[in-house]
Amino acid sequence: MISDMSQVFCVFSIGIILVFIAGLYCLIATANLIRAMIGLELLTKAVTLFIILTGYVTGRVALAQALAITLIVIEVVIIAVAVGVILCVFRHNKSVNGKLLRNIKG
Amino acid sequence: MDIINTILLVVLVVSAIWTVMTPRLPRSAIGLGITSAVLTIIMFKLSSPLAAVFELSICAGLISAIFISIISLMPRITAQDRDIRQKEHFHKYWLLPIIIVAAAIALSQFALPTNFNLPAEPVENDVRIILWNLRHLDLLGQIVILLAGAFGVAILFKERKND
Amino acid sequence: MLSLFLLLPLLGIIILNLPIKIKMQTAGLLYVLFLSVAQTIVVLFRPENFWSGPDFCGSFLKLKFYTDNLTLVLLLSIGIVVFTAVLVAWQMVSEPRQRLNFINLVLVSMIGMNGTVLLTDIFSLYIFLEITAVSAFILIASQRDIKALEGAFKYIVLSALATVLMLGAIAALLLYSGDTSFASVSEAVKNNNNIIVISAIGLFICGLFIKGGLVPFHGWLPAAYSAAPAAVSVLLAGIITKVAGIYVLLRLVTDVFGPASTINSILLIVGIISILVGALAALWQDDFKKVLAYSSISQIGYIILGLGCGTPLGIAGAVFHLFNHSIFKSLLFVNSAAVEQQIGSTDMNKMGGLGAKMPFSNATSLIATFSAAGIPPAAGFWSKLIIIIALWQTGHHAYASVAIVVGVITLAYLLAIQRKVFFGILPDELKNIKEAGIWIVLPAVVLASIIIGIGVLFPLLFNSFMVPVSSFFK
């Protein structure tokens with residue numbers, strides 16, 4: 001049982017780190033603001049899966065679910081505000097290319 | 001059990017890579033939704049049904065809808081533009097699958113310490129009781145952040161009269 | 001009655017948004033001023049009923065709070081800076097709808113900051129940090145000019161990255177602690193010393209460095225501080241970054257993670273690099289607010305140096321410098337708001353000789369400069385002295401010397417601002433400016449008198465203020 005859990009933990013951790021790398025690469029390599037948001041969302045999914053995995057491995061399933069639900073609610077609000085900012089940028093510049101904003105990557 | 005979990009994980013990573021690598025933005029948003037759906041199935045298998053339902057309805061549903069609606073505001077691009085963008089996109093992102101495969105091979109060589117000795121038994125096993133009775137501060141925080149989000153949407157989404 | 005810190009602002013938000021036919025923005029202004037002054041008075045005079053009495057309002061909520069001196073110092077700073085920011089906003093923003101938006105968002109950020117400094121659970125810490133961050137994003141972007149939007153977007157991306165790192169660390173610590181309260185987490189860290197726990201602590205601290213604007217993660221700070229509307233800059237620089245990054249770091253390093261020597265070395269290195277980079281970058285800037293932004297990075301480096309000493313004196317110095325920095329940095333941003341209101345820009349090349357026309361702003365900014373550079377009798381002198389003494393006592397002679405040298409550089413660039421803005425020759429097109437309005441001068445005078453008061457009375461305050469703070473930290 002213990003070795004089964006530890007194998008599950010290791011395999012899932014590798015998957016989580018790979019999704020994290022994909023999201024981070026997307027966030028760093030893009031100039032488009034919307035694609036940056038998609039990268040952030042992938043990072044958040046990786047962390048949500050990590051919390052659920054932690055709960056499963058240690059038996060604290062209920063606590064992990066409560067944390068994950070709260071996390072999802074907060075992420076929706078952050079995405080909504082970020083989309084609001086992107087909308088204002090678009091209205092100003094007629095484009096969402098981050099390179100047109102002077103100091104976007106720094 | 002292990003085979004299904006491994007297959008689900010591989011599907012998750014592949015859909016994440018496709019979300020990043022696809023050059024067209026609406027397809028990227030759909031890819032995000034597919035990734036959420038696969039994540040829901042994985043969470044269900046990890047005995048977390050309530051969180052899985054939240055993930056499906058909010059992330060795969062609401063967030064994908066938000067993304068598609070903001071993407072639909074972007075002006076349409078012509079076919080030649082599309083080909084140029086596709087080439088530029090793959091120029092930037094061809095490195096990603098190579099990094100992922102290399103990382104997967106490198107990470108599977110490590111062994112993590114897995115003797116998680118916890119101090120005590122879990123206090124409560126029902127998600128609803130934990131959320132509503134034990135973590136009141138979190139509930140207050142969620143209410144406040146939803147209010148803040150409502151203000152943000154009201155302030156930022158409004159058309160300015162003299163724009 | 002501690003839950004009133006969280007519930008009263010929430011009540012304010014609900015009432016302000018009901019469709020009642022009164023002048024909402026005036027009611028909101030009075031309510032926020034009342035709350036911030038009440039918060040200051042409650043911390044200074046500490047009525048017993050409030051702090052140790054039964055929590056009637058919160059008894060159905062089952063909340064557990066900290067009430068030690070670190071929390072009290074921060075509640076005091078929050079009260080003072082919110083008071084200042086709201087008065088400055090009243091002067092700078094004139095449309096009723098925008099004033100009401102500002103009041104609402106300030107109430108939200110008050111809930112976020114009060115919650116962050118009061119609570120004892122690591123996941124609730126994340127929630128309230130996000131509340132503070134969301135209110136900051138919306139405040140920065142509220143005037144919707146393009147530079148502010150760019151600063152807000154950078155802040156969103158980096159803050160979300162910091163969030164992901166912190167959540168990963170919380171989940172990894174959950175593997176060993178089973179619960180998310182500070183007590184369980186510190187138990188788990190003490191008993192387990194393997195690679196997962198150590199990397200989790202490292203990830204968490206990296207996330208906090210990003211939120212606090214320390215080098216090398218300071219990329220968002222100059223853009224966000226300088227592009228934000230004037231009153232928002234006061235709030236952001238004065239208290240939000242400090243609560244989000246520095247208070248959490250102080251609380252976790254002293255209570256939860258334990259003052260380990262590797263953490264202290266990392267803090268010392270990051271602190272000294274922040275001090276140097278911030279001060280050197282501030283020398284080259286042309287924009288009033290950008291100089292202040294880089295100066296903030298530098299001063300926060302001092303606080304981290306004090307924390308990295310690990311001794312009670314160093315930590316007490318760090319807390320005192322945190323309080324002083326929130327006062328003098330808010331005052332400097334209030335002065336820049338005054339100048340911006342009268343001239344319409346913050347480009348220092350367009351300014352000069354304003355001292356004759358704006359005497360109050362001139363005098364208060366000189367006092368703030370003395371405090372920032374560490375010149376007696378301003379309060380900043382004492383806090384910098386304590387940090388340097390603590391560094392010297394623990395044998396970090398090199399760090400202490402660098403800190404003294406950078407103190408001189410700080411004086412240099414701040415005096416350069418004074419020279420460019422307030423002294424010198426008045427350009428012709430600015431002949432008709434006057435002193436800024438009463439709502440900006442009043443908080444400036446209040447803050448300046450706090451600086452002088454604490455600076456002069458410090459030897460008397462030593463026993464009542466410093467010793468309790470330091471004795472708490474072992």
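Here the structure is a predicted model, which is why all the values come from computation and not from measurement. (Residues numbered from 1 in each chain as written. Chains lettered and ligands numbered in written order. Predicted model: local features only at pLDDT ≥ 70, side-chain atom pairs only at ≥ 80, totals over all residues.)

### A short note on the overall build of chain B
Definition in use: We count a stretch as a helix when DSSP gives it H or I for four or more residues in a row; a strand needs E for two or more, and each element gets its number in order from the N terminus. With C-beta atoms placed from the backbone, a residue is buried if 20 or more other C-beta atoms are within 10 Å of its own, exposed if 12 or fewer are, and partly exposed between those counts. Contact between two residues is assigned whenever their backbone-derived C-beta positions fall within 7 Å.
Per the secondary structure count, chain B includes seven helices and zero strands. Moving toward the C terminus, one meets the helices and strands of chain B in the order α-α-α-α-α-α-α. For chain B, with 163 residues in total, the buried portion stands at 31%. Look at the contacts in chain B between residues 6 or more apart in sequence, and 53% of them connect residues 24 or more apart.

### Section: the overall build of chain C
Going by this rule: Atoms counted for the radius of gyration: C-alpha only. Globule rule: 2.2 Å times residue count to the power 0.38.
Within chain C, the regular secondary structure consists of 18 helices and zero strands. Taking 23 Å as the expected radius of gyration for a compact globule of 474 residues, we find that chain C reaches 21 Å, a close match to that expectation. For chain C, the C-alpha atoms occupy an extent of roughly 70 × 60 × 45 Å along the three principal directions. When burial is assessed residue by residue, chain C has 62% of its 474 residues classed as buried.

### Some remarks on the interface of chain B and chain C
Note the threshold: Three categories are distinguished: nonpolar for Ala, Val, Leu, Ile, Met, Phe, Trp, Tyr, Cys and Pro, charged for Asp, Glu, Lys and Arg, and polar for the others, with Gly belonging to the last.
Taken together, the contacts link 21 residues of chain B with 33 residues of chain C. A breakdown of the residues in the side of chain B that touches chain C according to their chemical character gives 15 nonpolar, four polar and two charged.

### Quick look at the interface of chain A and chain B
Chain A puts 59 residues into the contact, and the matching count from chain B is 66 residues. Of all the elements in the fold, those that place two or more residues in the side of chain A that touches chain B are α1 (2-29), α2 (33-58) and α3 (61-93) of chain A. Take the side of chain A that touches chain B: its biggest share by element is 25 residues, from α3 of chain A.

### So, unusual backbone geometry
Although it is not a glycine, serine 47 of chain B adopts a positive phi angle of roughly 55°. Tracing the backbone shows serine 47 of chain B in the loop between α2 (25-45) and α3 (49-71). For arginine 144 of chain C, which is not a glycine, the phi torsion comes out positive at approximately 60°.

### Side note on helix α14 (residues 312-343) of chain C
What counts is decided by this rule: Given the number of residues in a helix, its expected span is that number minus one, multiplied by 1.5 Å.
The first and last C-alpha atoms of α14 of chain C sit 46 Å apart over 32 residues, in line with the 46 Å expected at 1.5 Å per residue. Glycine 344 of chain C sits one or two residues past α14 of chain C and shows a positive phi near 100°.

### Observations regarding helix α8 (residues 182-191) of chain C
All names here are of chain C. Put simply, the test is: Directions pointing from the helix axis toward each C-beta atom define the arc.
Along α8, the residues that are buried comprise Phe182, Ser184, Val185, Ala188 and Val189. The buried residues of α8 occupy one face: seen down the axis, they fall within an arc of 165°. Those residues of α8 that are exposed and angled more than 90 degrees off the buried face are Lys190 and Asn191. Those residues of α8 hidden inside the fold are in contact with α6 (122-141), α7 (146-177), α9 (195-212) and α11 (230-256).

### Quick look at the domain arrangement of chain B
This is how it is decided: Note that domain bounds follow an automatic or database assignment of domains.
When cut into domains, chain B gives domain 1 (1-74 + 93-109) and domain 2 (123-163). Centre-to-centre separation of domain 1 of chain B and domain 2 of chain B, based on C-alpha positions: 25 Å.

### A closer look at the environment of glycine 15 of chain A
Along the chain, glycine 15 of chain A turns up in helix α1. Measuring from C-alpha to C-alpha, the distance between glycine 15 of chain A and threonine 44 of chain A comes to 14 Å, with 29 residues separating the pair along the chain. Filtering out sequence-adjacent residues up to four positions away, glycine 15 of chain A remains in contact with Leu9, Leu12 and Val13 of chain B.

### Comments concerning the packing of helix α1 (residues 4-16) of chain C against helix α5 (residues 96-118) of chain C
Two numbers describe a pair of packed helices, the interaxial angle and the distance between the axes. Residues and elements named next belong to chain C. The following threshold applies: Fitted lines through C-alpha atoms serve as axes, helices being fitted only where they are in contact, and the angles separating the N-to-C directions of these axes extend from 0 to 180 degrees. An angle counts as roughly parallel when it lies under 35 degrees, as roughly antiparallel when it exceeds 145, as roughly perpendicular when it falls between 65 and 115, and as oblique in every other case. For a crossing to be left-handed, the near helix must be turned anticlockwise from the far one by less than a right angle; the clockwise case is right-handed.
Running from N to C, α1 and α5 cross one another at 160°; their axes reach a closest spacing of 9 Å. Viewed along their axes, α1 and α5 adopt a mutual orientation that is roughly antiparallel. Remark: the crossing between α1 and α5 carries left-handed chirality. The segment α1 lies against α5, with Phe5, Leu6, Pro9, Leu10, Gly12, Ile13 and Leu16 engaging Leu100, Ile103, Asn104, Leu107, Val108, Met110, Ile111, Asn114, Gly115 and Leu118.

### Details of the confidence of the model for chain B
Rules: Think of pLDDT as the predictor's per-residue confidence, scored from 0 to 100.
Per-chain confidence: chain B averages 82 in pLDDT, with 84% of residues scoring 70 or above. When the elements of chain B are averaged for pLDDT, helix α6 (residues 127-134) of chain B gives the smallest value, 69, and α2 of chain B the largest, 92.

### Points about the environment of alanine 172 of chain C
Residue and element names in this part refer to chain C. Relative to the elements of secondary structure, alanine 172 occurs in helix α7. Separated by 215 residues in sequence, alanine 172 and isoleucine 387 have C-alpha atoms that sit 34 Å apart. Excluding its chain neighbours within four sequence positions, the residues that come into contact with alanine 172 are Ile196 and Ala200.

### Some points on the confidence of the model for chain C
Residue and element names in this part refer to chain C. For chain C, per-residue confidence averages 83 on the pLDDT scale, and 92% of positions sit at 70 or higher. Confidence scores differ between elements of chain C, with helix α3 (residues 48-52) showing the lowest mean pLDDT of 68 and α6 the highest of 92. On the interface metric, ipTM, the complex scores 0.91, and its pTM is 0.90.

### Description of the packing of α2 of chain A against α2 of chain B
For the pair α2 of chain A and α2 of chain B, the least separation of the axes is 11 Å and the interaxial angle reads 5°. Taken together, the axis directions place α2 of chain A and α2 of chain B in an arrangement best described as roughly parallel. Of α2 of chain B, the residues touching α2 of chain A (which contributes Ile34, Arg35, Ile38, Glu41, Leu42, Lys45, Leu49 and Ile52 of chain A) are Leu25, Ser28, Ala29, Leu32, Thr35, Ser36, Leu39, Ile42 and Met43 of chain B. Taken together, the residues of the contact of α2 of chain A with α2 of chain B break down into eleven nonpolar, three polar and three charged.

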